[in-house]
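# Summary of the model geometry
Here's the letter readout for the chains.
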Amino acid sequence: MPSCIICHNEIEKKNSLHEECPNGHQIHKECLKKWLSQSYYCPLCNSKYNEVIINEFKLYQKEKEKEKEKELEIKKQQENLIKIQKIEETNIFLKMIEFIEQLIDNEEYEQALDKLDEFEDKESIEDKHTLMFLRGKINFMRKKYDIAISYLFKLVKENFNYPEAFNYLGKSYKALGLNDQAEWAFKRAK
Ligand SMILES: [Zn+2]
Ligand SMILES: [Zn+2]
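I will try to describe carefully the structure that is included in this document. (Residues numbered from 1 in each chain as written. Chains lettered and ligands numbered in written order. Predicted model: local features only at pLDDT ≥ 70, side-chain atom pairs only at ≥ 80, totals over all residues. Heavy atoms only, no water.)

### Thoughts on the coordination of the zinc ion (ligand 1)
Stated precisely, the cut-off is as follows: Water is not among the atoms examined, so metal sites may look incomplete; donors are the N, O and S atoms within 2.8 Å of the metal, or within 3.2 Å for Na, K and Ca.
The zinc ion (ligand 1) binds to the protein through Cys4 (SG), Cys7 (SG), His28 (ND1) and Cys31 (SG), with metal-donor distances spanning 2.1 to 2.3 Å. If you list the donors of the zinc ion (ligand 1) from N- to C-terminus, the spacing comes out as C-x2-C-x20-H-x2-C.

Laid out in structure tokens, this is it:
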């Protein structure tokens, strides 16, 4: 039984999954495809494979390149779509924040909290922190200082660099007469 000059596995005479060089050196078609991407000459005797084999390989390579280009194109389109969706999501989020700030200005705290509930499942940490801050701020405004503290304290534990959160945390402590804690928070609000 002849074997392939590349992988040394058997070559079955019956099927047509093999080729040979002009000197009859047998090689699997799959092994030959890989070899032809480097050289058109038989790895054993260095004679050139015939034009039919080489042209078939060139066609195969062209097809493969086209497929790759198509895949790349599709990938690019998908990435662009995701980018656009992210931008839209960000815009919606920012509009919502703006709207909630307006509700707070109008002292409509219950409505503001209801609105926040709709956006609870945000994925980015930054957005989550924005929501936590607003919950803290709203609860301070409606004089629920202990609830405000629980949100704001959790927030500054996760993000120490959030002066506005420390500011409302300090105000909430102060409202409860917890002056030491208030001082601690105000120091970090600057
Ligand atoms: Zn082989
Ligand atoms: Zn050969």
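Text resumes after the structure shown.
### Considering the coordination of the zinc ion (ligand 2)
What counts here: Under this scheme a four-donor centre is tetrahedral when all angles range from 85 to 135 degrees, a four-donor centre is square planar and a six-donor centre octahedral when opposite donors are above 155 degrees with the rest from 65 to 115, and any other centre is irregular. Strands here are runs of E lasting at least two residues and helices are runs of H or I lasting at least four, both read from the DSSP assignment and numbered beginning at the N terminus. Relative accessible area decides the class of each residue, using a 1.4 Å probe on protein chains only: under 20% of the type maximum gives buried, over 50% gives exposed, and in between gives partly exposed.
Protein ligation of the zinc ion (ligand 2) involves Cys21 (SG), His25 (ND1), Cys42 (SG) and Cys45 (SG), the donor distances falling in the range 2.0 to 2.4 Å. Angles of 104 to 118° at the metal separate the 4 donor atoms of the zinc ion (ligand 2), which places the site in the tetrahedral class. We note that the donor set of the zinc ion (ligand 2) lies within a single chain, spaced as C-x3-H-x16-C-x2-C. In this pair, histidine 25 sits in the loop between strand S1 (18-20) and strand S2 (26-28) while cysteine 45 sits in the loop between helix H1 (29-36) and helix H2 (51-105), placing the two residues 20 residues apart along the sequence. Its relative accessible area of 28% is what places cysteine 45 among the partly exposed residues.

In short, the description is geometric, and any link to function would need to be established separately.
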